[in-house]
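Inside the fold
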Amino acid sequence: QVQLVESGGGLVQPGGSLRLSCADSGSIFSINAMGWYCQAPGKQRELVAAITSGGITKYADSVKGRFTISRDNDKNTVYLQMNSLKPEDTAVYYCNAGPPLTVLAGDFGSWGQGTQVTVSS
């Protein structure tokens, strides 16, 4: 069973940086694709970035060049480095794990609590 805990969110000024972490206590982290998602107030949750077990990455157009997803299979952890943050990046950020197509679709039955990212001056 996959158990994920997100951390690293906070309040940051526009142009600042944050690094989010997602620790997976499940036993199959190394073979799962991982995804970071965001949900802003009044909006649907959407994929921000994804990474396969082999390190292939995919990003939403809105974050390309600013965010970087990475994973450490020894630590069962996936990261999201967020640079040049904008007010429109404000959202709750979640991670999840599964087969690549499931990660791309965000089609999960359960989600963790997420971590709040607020970009404001």
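The sections below set out a description of the structure shown in this document. Computed from a predicted structure; not experimentally measured. (Residues numbered from 1 in each chain as written. Predicted model: local features only at pLDDT ≥ 70, side-chain atom pairs only at ≥ 80, totals over all residues. Heavy atoms only, no water.)

Attention now goes to unusual backbone geometry. It is generally the case that most residues other than glycine have a negative phi and that most peptide bonds are trans. Phi is positive for asparagine 76, which is not a glycine, with a value near 50°. Mapped onto the secondary structure, asparagine 76 falls in the loop between strand E7 (67–72) and strand E8 (77–82). Given the relative accessible area of 23%, asparagine 76 is considered partly exposed. One non-glycine residue, serine 84, lies in positive phi territory at about 50°. Structurally, serine 84 is set in the loop between E8 and strand E9 (91–98). (Helix = DSSP H or I, 4+ residues; strand = E, 2+ residues; numbered from the N terminus. Buried < 20%, exposed > 50% of the residue type's maximum accessible area, 1.4 Å probe, protein only.)

What follows concerns the side chain of serine 21. Structurally, serine 21 can be placed in strand E3 (residues 18–24). On the accessibility criterion, serine 21 (17% relative accessible area) is buried. Residues contacting serine 21, with those up to four places away along its chain left out, are Val5, Glu6, Ser7, Trp36, Thr77, Val78 and Tyr79. (Contact = heavy atoms within 4.5 Å.)

Inspection of the entire model under this criterion finds four aromatic pairs. Aromatic pair tyrosine 94 and tryptophan 111: ring centres 5.9 Å apart, planes at 70°, arrangement edge-to-face. You can see tyrosine 94 sitting in strand E9 and its partner tryptophan 111 sitting in the loop between helix H1 (100–105) and strand E10 (115–119), a full 17 residues away along the chain. An aromatic cluster of three or more residues is present, and its members are Tyr37, Tyr94, Phe108 and Trp111. (Phe/Tyr/Trp six-rings, centres within 6.5 Å; stacked < 30°, edge-to-face > 60°.)

This paragraph deals with the pattern of salt bridges. Tallying each qualifying case throughout the model produces two salt bridges. The partner of lysine 64 in a salt bridge is aspartate 61, and the shortest N-O contact between them spans 3.1 Å. Considered together, lysine 64 and aspartate 61 belong to a single accessibility category, that of exposed residues. Between arginine 66 and aspartate 89 there is a salt bridge, and its shortest N-O distance comes to 2.8 Å. (Salt bridge = Lys/Arg side-chain N within 4 Å of Asp/Glu carboxyl O.)

Spatial strand order, E1-E3-E8-E7: four strands in an open sheet with antiparallel pairing. The strands lining the two open edges of the sheet, one partner per strand, are strand E1 (4–7) and E7. Adjacent strand axes in the sheet meet at a mean angle of 15°, parallel and antiparallel pairs treated alike. Sheet topology places E1 next to E3; four bridges connect them, and they run antiparallel. Counted as the bridge partner of valine 5 is alanine 23 from E3. (Pairing = 2+ DSSP bridges. Axes fitted to C-alpha atoms, helices over the stretch in contact; angles between N-to-C directions.)

Secondary-structure assignment places glutamate 6 in strand E1. Arginine 45 is the oppositely charged side chain nearest to the buried, salt-bridge-free glutamate 6, at an N-O distance of 7.4 Å. Reaching out from glutamate 6, the side chain makes a polar contact with the backbone nitrogen of cysteine 95 at a distance of 3.0 Å. Engagement of the side chain of glutamate 6 in a polar contact is seen with the backbone nitrogen of glycine 114, the distance being 3.1 Å. Beyond its immediate chain neighbours, meaning those up to four positions away, glutamate 6 contacts Ser21, Cys22, Trp36, Tyr93, Tyr94, Cys95, Gly112, Gln113, Gly114 and Thr115. (Lys, Arg positive; Asp, Glu negative; His and termini not counted. Polar contact = N/O pair within 3.5 Å; in protein donor to acceptor, adjacent residues only side chain to side chain.)

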